[in-house]
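Now for the letters of each chain:
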Amino acid sequence: MSTASETDSPDSSDGVLAEQLLRLTRRLHRIQKRHLEPLGITPAQSRLLRTVAHFSAADPPRMADLAARLEVVPRAVTTLVDGLETAECVRRVPDTANRRVIRIELTDTGRATLRRLRNARTGAAEEILAPLTAGQRELLGGLLNALADGPAERAC
């Protein structure tokens, strides 16, 4: 049985915070997935589509660029691009300087899907943030920035 000093320790409250963040992440994922379902896009495909959009149209990303940006293995990018290509949101094009290199371009359908994705993400954010006041949202934003912009991860 634990004593009061053990349950009130910083390690204990950090563990509670970590669990709360995990629960919130899972809830956010479920809500986002529900908002994306009508679009026929998975959260992972949504992330890839947004990532492609961040690159210049004059210099579309290579598959390796996308894998590095998303921090996934190249095979995962291939699967996501396959699905988005089937949905006509992206297309594979050969690099003009090196035909062995394949670049990923947004299509008009992809741009339209991105607009609908932004609306879906806004709806998901509004749903999850609904219980908070404007002041609480501002405070949360600052706290999340502090966590996201924290020191680089250390190797285990």
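The following paragraphs examine the structure supplied in this document. (Residues numbered from 1 in each chain as written. Predicted model: local features only at pLDDT ≥ 70, side-chain atom pairs only at ≥ 80, totals over all residues. Heavy atoms only, no water.)

### Regarding the overall build of the protein chain
- Across its full length, the protein chain carries seven helices and two strands.
- Walking the protein chain from its N terminus toward its C terminus, one meets helices and strands in the order α-α-α-α-α-β-β-α-α.
- When burial is assessed residue by residue, the protein chain has 24% of its 156 residues classed as buried.
- In the protein chain, the share of contacts with a sequence separation of at least 24, taken over all contacts with a separation of at least 6, comes to 46%.
- Looking at the protein chain as shown, the accessible area adds up to about 11,100 Å², and 55% of this sits on carbon and sulfur atoms. (Helix = DSSP H or I, 4+ residues; strand = E, 2+ residues; numbered from the N terminus. Buried < 20%, exposed > 50% of the residue type's maximum accessible area, 1.4 Å probe, protein only. Contact = heavy atoms within 4.5 Å. Areas by Shrake-Rupley, 256 points an atom, 1.4 Å probe, with all protein chains shown as cover.)

### Looking at unusual backbone geometry
- Unlike most non-glycine residues, E71 shows phi in positive territory, near 60 degrees.
- Looking at where E71 falls in the secondary structure, it is placed in the loop between α4 (63-70) and α5 (74-86).
- Non-glycine residue E88 carries a positive phi angle of around 60 degrees.
- Tracing the backbone shows E88 in the loop between α5 and β1 (90-94).
- For E88, a relative accessible area of 53% gives the class exposed.

### Some words on α4
- Taken as a whole, α4 has its buried residues at M63, L66, A67 and L70. Burial along α4 is one-sided: seen end-on, the buried residues are contained in an arc of 100 degrees.
- Against α3 (43-54), α5, β1 and β2 (102-106) lie the buried residues of α4.
- Downstream of α4 by a residue or two, E71 has a phi angle that is positive, lying close to 60 degrees. (Arc of directions from axis to C-beta.)

### Considerations on the pattern of salt bridges
- A complete count under the given rule lists nine salt bridges for this structure.
- Of the charged contacts in the structure, one is a salt bridge between D108 and R111, with a shortest N-O distance of 2.9 Å. Of this pair, D108 and R111 both sit in helix α6 (residues 108-129), separated by three residues, roughly a single helical turn.
- Note on D108: relative accessible area 60%, which makes it exposed. (Salt bridge = Lys/Arg side-chain N within 4 Å of Asp/Glu carboxyl O.)

### Regarding the side chain of Q32
- Summarising the element assignment, Q32 is placed in helix α2 (residues 10-36).
- Under the relative-accessibility criterion, Q32 is labelled buried at 18%.
- Ignoring any residue separated from it by four or fewer positions in sequence, one finds Q32 in contact with P43, R121 and A124.

### A closer look at a nonpolar patch on the surface
- Residues L21, L144 and L147 make up a contiguous nonpolar surface patch of roughly 290 Å² in combined accessible area.
- Looking at where L144 falls in the secondary structure, it is placed in helix α7 (residues 134-148). (Patch = residues over 30% accessible without salt bridge, like charges linked within 9 Å, V, L, I, M, F, W, Y side chains within 5 Å.)

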